[in-house]
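The residues making up each chain are set out below.
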Amino acid sequence: MRTPLIAGNWKMHHGVGETQIFLEALVNQDVPATVDVVVCPPFVSLPVAVMVTTGSEIAVGAQNVHWESSGAFTGEVSAEMLIEIGVRWAIVGHSERRSLFGETDENTIRRARSAQDGGLGAILCIGESLVQREAEQTLDVLERQIAGVDRLDPSRLVVAYEPVWAIGTGRNATPDQAQEVHAFLRRRLAGTFGSTEADTLRILYGGSLKPSNARELLGQQDVDGGLIGGASLDVDSFSAIIRTAAECAAGD
Ligand code: PEP
């Protein structure tokens, strides 16, 4: 019912040359058509990523996008600029943007809204810290982070649940923890958009997802793919996760 989506968040890795080599190798691996694949390189590598992937099943995403079309916003890039070069997706609200660069729930929703208005799909990242999980505040935190989703278009929205304590730590959420949160999010999104929309909206898991744990996580009923950091930097591990997603979708 929901086509799995596997997205690689390369963060500040892979400049132009490495991006070209990586994506030429990935394109040659024949990505299964039953999985949507998105790679999100650094801004400077976006044009070469689009060039190499044009005509393939792989789409290109940016790691952020501003809420205005143009203006005096040093260091920012707009949805219109991304669309012009062939980018199709943008990540918004990644935990590193929130914790290191002060991005808030409110401006994350604004970024997502303008991404969609400009023609991009928005991958909205949410997730609790370890302190919040241990204080049993996980669902309250997520509730706050998605409070503004009613301003978004569900047909161009993907939600990525990324517990902060699992990002880059090697410690992934258990399949049960992921499923519990994803089911909560889908119920919450059904309350906003209606159950038909919520049933088709993809909710990704992110946080130390790798080939060795991909099957148990991606096999959960409400886990519709992954947002992958470290394991997306290596073409073999990234394509192993893509293949696992295809197998899970086929019920293998
Ligand atoms: C991320 O940064 O979005 C992420 C999930 O990273 P990692 O897979 O390395 O935990």
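Please read all numbers here as calculations on a predicted model, not as lab measurements. Throughout this description, residue numbers start from 1 for each chain and increase along the sequence as written. Local features in a predicted model are, by the rule used here, given only for residues with pLDDT of at least 70; side-chain atom pairs are given and counted only at 80 or more, and totals for whole chains, interfaces and linings are based on all residues. As a rule here, side-chain values cover all heavy atoms of the structure and leave hydrogens and water aside.

Enquirer: Just to check I follow, could you spell out the packing of aromatic side chains for this structure?
Expert: The geometry of an aromatic ring pair comes down to the distance between the two centres and the angle between the two planes. The rule is short: rings of Phe, Tyr and Trp, with Trp giving its six-membered ring, pair when the centres are within 6.5 Å, and they are stacked under 30 degrees, edge-to-face over 60, tilted in between. Overall, the coordinates contain three aromatic pairs when judged by the stated rule. Ring centres 4.7 Å apart and planes at 65° place the aromatic pair Trp10 and Phe22 in the edge-to-face group. One end of the pair, Trp10, is in the loop between β1 (5-9) and α1 (16-28); the other, Phe22, is in helix α1, and 12 residues separate them in sequence. By the ring-pair criterion, three or more aromatic residues cluster together here, those being Trp10, Phe22 and Phe238. The ring of Phe101 carries Arg97 above its face, with NZ or CZ at 4.0 Å from the centroid. Helix and strand labels come from DSSP, where a helix needs a run of H or I of at least four residues and a strand needs a run of E of at least two; each type is numbered from the N terminus. In this scheme, the term charge over a ring applies when either NZ of a lysine or CZ of an arginine sits within 6 Å of the ring centre and within 35 degrees of the ring normal.

Enquirer: Looking at this structure, how should I read the packing of α1 against helix α11 (residues 235-249)?
Expert: Pairs of packed helices are described in terms of their axes, by the angle between the two and the distance that separates them. In contact at an axis separation of 10 Å, α1 and α11 are set at 35° when each is read in the N-to-C sense. With respect to the hand of their crossing, α1 and α11 are arranged in right-handed fashion. Of α11, the residues touching α1 (which contributes Phe22, Ala25 and Leu26) are Val235, Phe238, Ser239 and Ile242. Helix axes use the C-alpha atoms of the stretch in contact, all axes being lines fitted to C-alpha atoms, and the angles between their N-to-C directions lie in the range 0 to 180 degrees. Two helices cross in a left-handed way if the nearer one is turned anticlockwise from the farther one by less than a right angle. They cross in a right-handed way if the turn is clockwise. Contacts are assigned to residue pairs that have any heavy atoms within 4.5 Å of one another.

Enquirer: Explain the packing of helix α10 (residues 211-218) against α11 to me, please; I cannot follow it from the model alone.
Expert: Running from N to C, α10 and α11 point in directions that differ by 25°, and their axes come no closer than 9 Å. One way to sum up the angle between α10 and α11 is to call them roughly parallel. The way α10 lies across α11 gives a crossing that is right-handed. Counting all contacts with α10, which are made through Pro211, Ala214, Arg215 and Leu218, the residues of α11 involved are Ser237, Ala240, Ile241, Thr244, Ala245, Glu247 and Cys248. Gly counts as polar in this scheme, as do all residues outside two lists: the nonpolar Ala, Val, Leu, Ile, Met, Phe, Trp, Tyr, Cys and Pro, and the charged Asp, Glu, Lys and Arg. A breakdown of the residues in the contact of α10 with α11 according to their chemical character gives seven nonpolar, two polar and two charged. Here the word oblique covers every angle except those under 35 degrees (roughly parallel), over 145 (roughly antiparallel) and from 65 to 115 (roughly perpendicular).

Enquirer: I would appreciate a short explanation of the site of the ligand in the present structure.
Expert: It suffices for a single heavy atom of a residue to lie within 4 Å of a molecule or strand for the residue to be listed as near it. Taken together, 14 residues are adjacent to the ligand, and Lys11, His94, Glu162, Gly168 and Ser208 come closest. Between the ligand and Glu162 there is a distance of 2.7 Å, counted from an oxygen atom to a side-chain nitrogen or oxygen. Values of accessible area rely on a 1.4 Å probe in the Shrake-Rupley scheme; residue burial ignores everything except the protein chains shown. Contact with the protein chains removes 96% of the 290 Å² of surface that the ligand exposes when unbound. Its residues placed into classes, the shell around the ligand shows four nonpolar, eight polar and two charged. In protein, a polar contact requires one atom able to donate a hydrogen and another able to accept it; more generally it is a pair of N or O atoms within 3.5 Å, and residues adjacent in sequence count only if both atoms are side-chain atoms.

Enquirer: How should I be thinking about the environment of Asn107 in this particular structure?
Expert: Mapped onto the elements of the fold, Asn107 is located in helix α5 (residues 105-118). In this scheme, a residue with accessible area under 20% of its type's maximum is buried, one over 50% is exposed, and one in between is partly exposed, where area comes from a 1.4 Å probe on protein chains only. Among the residues examined, Asn107 registers a relative accessible area of 16% and is labelled buried. For the pair Asn107 and His66, spaced 41 residues apart in sequence, the C-alpha to C-alpha distance is 8.9 Å.

Enquirer: Quick question: what am I supposed to make of unusual backbone geometry here?
Expert: Comment: phi is negative for the bulk of residues other than glycine, and the bulk of peptide bonds are trans. Look at Lys11: it is not a glycine, yet its phi comes out positive at around 55°. Structurally, Lys11 can be placed in the loop between β1 and α1. With a phi close to 55°, Asp30 is a non-glycine residue in the positive phi region. As for its placement among the helices and strands, Asp30 is situated in the loop between α1 and β2 (36-40). Residue Asp30 is classed as exposed on the basis of its relative accessible area, which comes to 64%.

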